[in-house]
Amino acid sequence: MHNDLITTLAAARKAQHITQAQLAESAGLSRMTVQRTEGGDLDPRYSTLAEMARVLGLDIIAVPSSLRPSLQTFIQSGGKFLGQPEGVDAPPSVIDSLK
């Protein structure tokens, strides 16, 4: 679980063109903590990961493992399950707005 989260945080940092030092400063962490966390050399506390996520504009949420595949499908489909009719208690799909 940590590896997926840390990989996501590192990718978000890079996509936003933020250096490890900039992330560390904004999150109130040392650059070494960010570097070691991303490198897998440190088992970070939840508060460290949460602060890194906050700075990157992300939220960390807990999802029951049994629901993870369904949640991933839901997110990848743009907020509704594929084939779901319009108006069925779900926001319109991002894909629908592109049509």
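Everything quoted here is computed from the prediction, not taken from an experiment.

**What to know about the overall build of the protein**
Part 1 of the argument: When you go through the protein residue by residue, the secondary structure sums to six helices and zero strands.
Part 2 of the argument: The order of helices and strands in the protein, counted from the N terminus, is α-α-α-α-α-α.
Part 3 of the argument: The buried share among the 99 residues of the protein stands at 25%.
Part 4 of the argument: A separation threshold of at least 6 residues defines the contact pool for the protein, and within that pool the share at least 24 residues apart is 40%.

**Looking at helix α2 (residues 20-27)**
Part 1 of the argument: When α2 is considered as a whole, its buried residues turn out to be L23, A24 and A27. Along the axis of α2, the buried residues cluster in a sector spanning 100°; they form a single face.
Part 2 of the argument: With its phi angle positive at about 75°, G28 sits one or two positions after the end of α2.

**Quick notes on a nonpolar patch on the surface**
Part 1 of the argument: A cluster of nonpolar side chains, I61, V63 and L67, forms an exposed patch at the surface whose accessible area comes to about 270 Å².
Part 2 of the argument: Examined against the element boundaries, I61 turns out to sit in the loop between α4 (46-55) and α5 (68-76).
Part 3 of the argument: We classify I61 as exposed; its relative accessible area is 62%.

**Overview of the packing of α2 against helix α3 (residues 31-39)**
Part 1 of the argument: Close contact between α2 and α3 brings their axes to 8 Å; oriented N to C, the two are set at 120°. In this structure, α2 meets α3 at a crossing whose hand is right-handed. Where α2 abuts α3, its residues Q20, A21, L23 and A24 lie against R31, V34, Q35 and E38.
Part 2 of the argument: For the contact of α2 with α3, the class distribution of residues is four nonpolar, two polar and two charged.

**Observations concerning the pattern of salt bridges**
Part 1 of the argument: As enumerated under the stated definition, the model contains three salt bridges in all.
Part 2 of the argument: One salt bridge connects R68 with D4, and the closest N-O pair in it is separated by 3.0 Å. Placement of R68 in helix α5 and of D4 in helix α1 (residues 2-15) is noted, with a sequence separation of 64 residues between them.
Part 3 of the argument: The shortest N-O distance in the salt bridge between R54 and E51 comes to 2.5 Å. Within this pair, R54 and its partner E51 are both found in helix α4, separated by three residues, close to a single helical turn.

**Let's talk about unusual backbone geometry**
Part 1 of the argument: Phi at H17 takes a positive value of approximately 55°, unusual for a residue other than glycine.
Part 2 of the argument: You can see H17 is positioned in the loop between α1 and α2.

Basis of the calculations
- Residues numbered from 1 in each chain as written.
- Predicted model: local features only at pLDDT ≥ 70, side-chain atom pairs only at ≥ 80, totals over all residues.
- Heavy atoms only, no water.
- Helix = DSSP H or I, 4+ residues; strand = E, 2+ residues; numbered from the N terminus.
- Buried < 20%, exposed > 50% of the residue type's maximum accessible area, 1.4 Å probe, protein only.
- Contact = heavy atoms within 4.5 Å.
- Arc of directions from axis to C-beta.
- Patch = residues over 30% accessible without salt bridge, like charges linked within 9 Å, V, L, I, M, F, W, Y side chains within 5 Å.
- Areas by Shrake-Rupley, 256 points an atom, 1.4 Å probe, with all protein chains shown as cover.
- Salt bridge = Lys/Arg side-chain N within 4 Å of Asp/Glu carboxyl O.
- Axes fitted to C-alpha atoms, helices over the stretch in contact; angles between N-to-C directions.
- Left-handed = near helix turned anticlockwise from the far one by under 90°.
- Nonpolar A, V, L, I, M, F, W, Y, C, P; charged D, E, K, R; others polar.

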